[in-house]
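Descriptive analysis of the structure
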Amino acid sequence: MKRNWIGGEWLPGARSIANINPSDTRDVIGEYALADMAQATSAVAAAAAAFPAWSMSGPQQRFDVLDAAGSEILARAAELGDLLAREEGKTLPEAVGEVTRAGQIFKFFAGEALRAPGQVLPSVRSGIGVEVTREPLGVVSLITPWNFPIAIPAWKIAPALAHGNCVVFKPAELVPGSAWALADILSRCGLPAGVFNLVMGKGSEIGAALLEDPRVAAVSFTGSVGTGQRVMQACMPRGAKVQLEMGGKNPLVVLDDADLDVAVNCAVQSAFYSTGQRCTASSRFIVTEGIHDRFVDAVVARLRSIKVDDARKPGTDIGPVVDDHQLAIDLEYIQLAQAEGATLAFGGTHAARNVDGQPGFFLTPALLTQTTQTMRINREEVFGPVANVVQARNYEEALALANDTDFGLSSGICTTSLKYATHFKRHAQAGMVMVNAPTAGADYHVPFGGRKASSYGSREQGTYAAEFYTVVKTAYTAA
Ligand code: ADP
């Protein structure tokens, strides 16, 4: 059984859970520990005990740790990518790409440890100097979802450590393998005991230990809107810092003047790859009248050529849905959309086995047309390979439809018009805007995050991560 890493020791959990391959449910990847409240609390205690020394550690020590972790992740990208594809179900190239991204993130934040931001200014009063510095927060709880089993942990853990915090990391129950591999790497790269702790367990069972303990100064969470709201409610009473990344209902606007190939690529890539299980996935194609029919026909033609199969099989375009629970949600929304009057133009077919007879959660990408803005399929996040086409009269209506949502993570437009592209960049109500590019797919050295119900708190990634993982101090010194 793979154990939890707490206070510099590998400890068995109260129970364990089997990690199952969604491309072949007969394949058990391994047994992983499940912590109880007492064990999760002990991880918080270990992190709190390690904080005074780690908060005073120098930039070279932090650089060395993060750089070593990044190097090992990059060197093992093929092996860790295989594990990730096996436990989560994204294709092997996507999984290797994600692991590579995790390595790059550790390298980036190794550099950030050397670039601790601060200012020295003259005071407005004579004879006084002013320094503005950033200090670590303390113990941070990092809670991550299953859809990016190594990249999201990396983009929370690396900045937390770079800026001098101690970490209690709880990965999603469905994907403990990548999280454990990352913890194993971090356990060997020079961190003092207790600075980084891995607590595998169920959110519903141990969440309170990670959220409500007064020793936890901050929580960074990525997951569903409902859980995010619970995280916020648990942290607010004592004023703990909170950063939430939640859902999306990301629009991709396609205008009459779009390059059709570009538009189809953006649509298919961002709605259906990674099985549509990305918070930045496009789920609403908002298409103007003049290109609507050509766009729908071209997307359907492309979807016909897509192979849904074992995530690790060469040639697979789209792997399985992550588990039976998510599959049931996807199928329910496809049914519901049709009941509300949408047309299923392609896909949405569930196969309980692939061509080789492996039992898994296979679902062909579903394209729904003739959908309207009031249908639930256009208002609620599905989190699967399901996208809806909404027809718009013109750019102005398309923009209004794109913004008519509770969410605001990523918003895209396909157009050859500089005028519309420029207007859209300014007026799209989203944290990230994409022009002639898929709504999914972001860089690691610039801010990531959304508006409205998609996000709360400061942005993740890049130099902006310092906003969350540090607190500012203003010091005055009289000469
Ligand atoms: P999803 O539906 O995508 O799995 P969740 O929001 O349920 O999203 O899960 C995201 C992360 O939040 C997971 O690590 C999960 O274990 C954790 N989680 C779930 N419930 C709680 C809770 N009550 N407190 C803290 N963490 C939780």
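Residues numbered from 1 in each chain as written. Predicted model: local features only at pLDDT ≥ 70, side-chain atom pairs only at ≥ 80, totals over all residues. Heavy atoms only, no water.

1. Considering the side chain of Gln 326
Stated precisely, the cut-off is as follows: Labels follow the DSSP assignment, with helices taken as runs of H or I lasting at least four residues and strands as runs of E lasting at least two, numbered in each case from the N terminus. Residue exposure (1.4 Å probe, protein chains only): buried if accessible area is under 20% of the type maximum, exposed if over 50%, otherwise partly exposed. Counting of polar contacts relies on pairs of N or O atoms within 3.5 Å, with two restrictions inside protein: one atom must be capable of donating a hydrogen and the other of accepting it, and residues adjacent in sequence are counted only when both atoms are side-chain atoms. Residues are treated as being in contact if the distance between any of their heavy atoms lies within 4.5 Å.
In this fold, Gln 326 is placed in helix α11 (residues 324-339). Residue Gln 326 is classed as buried on the basis of its relative accessible area, which comes to 8%. Only 2.9 Å separates the side chain of Gln 326 from the backbone oxygen of Val 382, close enough to count as a polar contact. When sequence neighbours within four positions are dropped, the list of residues in contact with Gln 326 reads Trp 146, Gln 277, Val 321, Val 382, Phe 383 and Gly 384.

2. Focus on unusual backbone geometry
In this model, Gln 370 sits at a positive phi of 55°, which is unusual for a non-glycine residue. Along the chain, Gln 370 turns up in the loop between β17 (366-369) and β18 (386-392). The residue Lys 452 is not glycine, and still its phi comes out positive at about 50°. Checked against the element boundaries, Lys 452 lands in strand β22 (residues 451-452).

3. So, the site of the ligand
Spelled out, the test is: Neighbouring residues are identified by heavy atoms, a residue being near a molecule or strand if any of them is within 4 Å of it. Only Asp, Glu, Lys and Arg are considered charged in this grouping, and only Ala, Val, Leu, Ile, Met, Phe, Trp, Tyr, Cys and Pro are considered nonpolar; every other residue, Gly among them, is considered polar.
The local shell around the ligand holds 17 residues, among which Thr 144, Lys 170, Glu 173, Ser 224 and Thr 227 are the closest. Note that an oxygen atom of the ligand is positioned 2.8 Å from one of the side-chain N or O atoms of Lys 170. Among the elements that line the shell around the ligand, the one with the most residues is helix α7 (residues 203-211), at four residues. A breakdown of the residues in the shell around the ligand according to their chemical character gives six nonpolar, eight polar and three charged.

4. Re the sheet that holds strand β5 (residues 118-122)
For the record, the criterion: Here, a strand pair is defined by DSSP locating no fewer than two bridges between the strands. Each axis is a line fitted through C-alpha atoms, taken for helices only over the stretch in contact, and angles between the N-to-C directions span 0 to 180 degrees.
Here we have three strands laid out as an open sheet, ordered β5-β6-β24, and antiparallel in their pairing. Two strands lie at the open edges of the sheet, namely β5 and β24 (470-478), each paired on one side alone. In this sheet, neighbouring strand axes are inclined to one another by 20° on average, regardless of whether the strands run parallel or antiparallel. Sheet topology places β5 next to strand β6 (residues 128-136); five bridges connect them, and they run antiparallel. The residue of β6 that forms the bridge with Gly 118 is Thr 133.

5. So, the pairing of strand β15 (residues 350-353)
Of the strand pairs in this sheet, β15 and strand β16 (residues 359-363) are connected by three bridges, and their pairing is antiparallel. Counted as the bridge partner of Arg 353 is Pro 359 from β16. Hairpin remark: β15 followed by β16, antiparallel, with five residues in the connecting loop; positive phi at Gly 357, about 85°.

6. A few points about the environment of His 292
Looking at where His 292 falls in the secondary structure, it is placed in helix α10 (residues 289-304). Overall, the relative accessible area of 5% leaves His 292 in the buried class. When near neighbours in sequence (up to four residues on either side) are disregarded, His 292 contacts Val 287, Val 389 and Gln 391. Side chain to side chain, His 292 and Asp 293 meet in a polar contact 2.8 Å long.

7. Comments concerning the environment of Met 232
Here Met 232 shows up in helix α8 (residues 225-235). Put simply, Met 232 and Gln 243 are eleven residues apart on the chain and 8.6 Å apart in space, counted from C-alpha to C-alpha. Aside from chain neighbours lying at most four places away, what touches Met 232 is Leu 244 and Tyr 456.

8. Considering the layout of surface pockets
We apply this condition: As defined here, a cavity is a set of points on a 1 Å grid over the protein atoms alone where a 1.4 Å probe fits but cannot get out. A pocket is an open set with protein on both sides within 12 Å along at least five of seven lines, and residues line them when an atom is within 4 Å of a point. Grid points are joined across faces, edges and corners, and a volume is the space filled by probe spheres set on the points. Each domain's extent is set by a domain assignment, obtained either automatically or from a database.
Estimated volume of the largest pocket: approximately 1300 Å³. Lining the largest pocket are 50 residues, with Pro 145, Trp 146, Gly 223, Ser 224 and Thr 227 sitting closest to its centre. Elements supplying a minimum of two residues to the lining of the largest pocket: β3 (15-21), α7, β10 (216-222), α8 and α11. Residues that form the lining of the largest pocket fall into these classes: 23 nonpolar, 16 polar and eleven charged. Each of domain 1 (4-246 + 454-478) and domain 2 (250-435) accounts for three or more of the residues forming the lining of the largest pocket. Computed from the structure, the second largest pocket encloses a volume of approximately 430 Å³. As for the second largest pocket, its lining consists of 20 residues, of which Arg 101, Phe 148, Arg 278, Gly 441 and Ala 442 are closest to the centre. Elements with a minimum of two residues in the lining of the second largest pocket: α4 (92-114) and α5 (151-162). If you tally residues by element for the lining of the second largest pocket, the top one is α4, at five residues.

9. Some thoughts on empty space enclosed by the protein
Enumeration according to the criterion identifies four cavities of 30 Å³ or more in this entry. Its volume calculated, the largest cavity comes out at about 90 Å³. Taken together, 14 residues form the lining of the largest cavity, with Gly 276, Ala 281, Ser 283, Glu 381 and Phe 383 sitting closest to its centre. Pro 251, Ala 402, Thr 405, Phe 407 and Gly 408 are the residues nearest the centre of the second largest cavity, which is lined by 14 residues in total. Residues of the lining of the second largest cavity, tallied by class, amount to five nonpolar, seven polar and two charged.

10. What to know about the packing of aromatic side chains
Applied cut-off: Between 30 and 60 degrees the pair is tilted, below 30 it is stacked and above 60 it is edge-to-face, where a pair is any two Phe, Tyr or Trp rings, Trp via its six-membered ring, whose centres lie within 6.5 Å. A positively charged side chain is recorded as over a ring if its NZ (Lys) or CZ (Arg) lies within 6 Å of the ring centre. The angle to the ring normal must also be within 35 degrees.
Under the criterion given, the structure shown has ten aromatic pairs. Between Trp 5 and Trp 10, the ring centres sit 4.8 Å apart and the planes meet at 45°, which makes this aromatic pair tilted. Trp 10 sits in the partly exposed class, given a relative accessible area of 27%. Summarising the aromatic geometry, the rings of Phe 285 and Phe 295 are spaced 5.6 Å apart at their centres and angled 85° between planes, so their arrangement reads as edge-to-face. Here Phe 285 is found in strand β13 (residues 282-288), whereas its partner Phe 295 is found in helix α10, with ten residues between them in sequence. This pair shows no difference in class: Phe 285 is buried, exactly as Phe 295 is. The rings of Trp 5, Trp 10 and Trp 180 are connected pair by pair, giving a single aromatic cluster. Positioned over the ring face of Trp 54 is Arg 62, at 5.8 Å from the centre of the ring. Above the face of the Tyr 476 ring, Arg 125 is positioned so that its terminal group lies 5.4 Å from the ring centre.

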